[in-house]
Every structure is written in structure tokens, then in C-alpha cells.
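# Architecture at a glance
Next come the chains, spelled out residue by residue.
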Amino acid sequence: SNAHYESCFMMKEPSGLQIKAARVLLGWSKAELSKMADVSVATIARVERKTDRIGGRLSTATKLVLTLKKAGIEFGDVSDRCQGVLFVAERKASD
């Protein structure tokens, strides 16, 4: 249902696994995400190993999340049972 979708994808902060899944879904390397988000490759590797919320510096989480969301990613809320990742492709004007 739409309500279930809405509750799942009103995220606060994704898990490290969701960050990794989003990056892989986009076909990006850690180096590419690093460059686009201005976060070191070592930090991305550390974040991606976390199975719970990212934690650490808020600025790091914000940079990663905003970069991935700008590319069309939506994250399911870790506190819910919908710990997923969606890629929402841009719609053409004719759609």
C-alpha cells in the first residue's frame, strides 16, 4: 500500500549496508562516490561495513545521503522492516 511505502521511505539515516547497496545499484565505485560526496574512500569503506545507522560525523552521513539521493536513491527506514534501497529514475517530460 502507499501508506506502507511512505512509512518505509521516510528515512532518517540509512545503514552502512544501505549506503553500499545504493552505490552498487548506481554502478559507482567507492572512488566515484568519494569524489562526488567529498568523503574519503577509507571513510566510505568504514561506513559500508556498518550494519546499523552510519553514526560518526553528521556531515559525513549528510554528504553521502544527499549525493546518493540526488542520483535518485531512496532509503527505507532502518528502524522499520523495510531496510531497502530504491533507485527512482528521472522521468522524461513526456511521461
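Residues numbered from 1 in each chain as written. Predicted model: local features only at pLDDT ≥ 70, side-chain atom pairs only at ≥ 80, totals over all residues. Heavy atoms only, no water.

## Let's talk about the overall build of the protein chain
From N to C terminus, the protein chain includes five helices and two strands. If you list the helices and strands of the protein chain from N to C, you get α-α-α-α-α-β-β. Looking at the 95 residues of the protein chain, the share that counts as buried comes to 37%. Pairs at least 24 residues apart make up 71% of the contacts formed inside the protein chain by residues separated by at least 6 positions. For the protein chain, the computed accessible surface area is about 6100 Å², with 53% contributed by carbon and sulfur atoms. (Helix = DSSP H or I, 4+ residues; strand = E, 2+ residues; numbered from the N terminus. Buried < 20%, exposed > 50% of the residue type's maximum accessible area, 1.4 Å probe, protein only. Contact = heavy atoms within 4.5 Å. Areas by Shrake-Rupley, 256 points an atom, 1.4 Å probe, with all protein chains shown as cover.)

## Overview of the nonpolar core
In terms of nonpolar packing, the biggest core is built from 16 residues, with Ile19, Leu33, Leu64, Leu68, Ile73 and Phe75 touching the most fellow members. If one sorts the elements of this core by residue count, helix H5 (residues 58-70) sits on top with four residues. (Core = buried A, V, L, I, M, F, W, Y, C linked by side-chain atoms within 4.5 Å.)

## A look at the side chain of arginine 23
Along the chain, arginine 23 falls in helix H2 (residues 16-26). Every residue in contact with arginine 23, bar those within four places of it in the chain, is listed here: Trp28, Ser29, Lys30, Leu33, Glu48 and Leu68.

## Let's talk about the environment of arginine 49
Structurally, arginine 49 can be placed in the loop between helix H4 (41-48) and H5. Classification of arginine 49 by relative accessible area gives exposed; the value is 63%. Sequence separation between arginine 49 and lysine 20 is 29 residues, and the spatial gap between their C-alpha atoms is 8.5 Å.

## A closer look at the packing of helix H3 (residues 30-37) against H5
Orientation of H3 relative to H5, taken along the N-to-C sense of each, is 105°, at an axis distance of 9 Å. Classified by the angle their axes make, H3 and H5 are roughly perpendicular. Contact residues: Leu33, Met36 and Ala37 in H3; Lys63, Leu64, Thr67 and Leu68 in H5. Split into classes, the residues belonging to the contact of H3 with H5 amount to five nonpolar, one polar and one charged. (Axes fitted to C-alpha atoms, helices over the stretch in contact; angles between N-to-C directions. Parallel < 35°, antiparallel > 145°, perpendicular 65-115°, else oblique. Nonpolar A, V, L, I, M, F, W, Y, C, P; charged D, E, K, R; others polar.)

## With respect to the pattern of salt bridges
Applying the stated rule across the entire model yields two salt bridges. The residue glutamate 48 makes a salt bridge to arginine 23 at a minimum N-O spacing of 2.6 Å. Residue glutamate 48 is found in helix H4, and its partner arginine 23 is found in helix H2; the two are separated by 25 residues along the sequence. Between lysine 63 and aspartate 38 there is a salt bridge, with its nearest N and O atoms 3.7 Å apart. In this pair, lysine 63 is assigned in helix H5 and aspartate 38 in the loop between H3 and H4, connecting sequence segments 25 residues apart. (Salt bridge = Lys/Arg side-chain N within 4 Å of Asp/Glu carboxyl O.)

## A look at the confidence of the model for the protein chain
Low pLDDT means the predicted atomic positions in that stretch should not be read closely. For the protein chain, mean pLDDT is 81; residues scoring 70 or higher make up 76% of the total. Within the protein chain, helix H1 (residues 2-8) has the poorest average pLDDT of any element, 50, and H3 the best, 98. (pLDDT = per-residue confidence, 0-100.)

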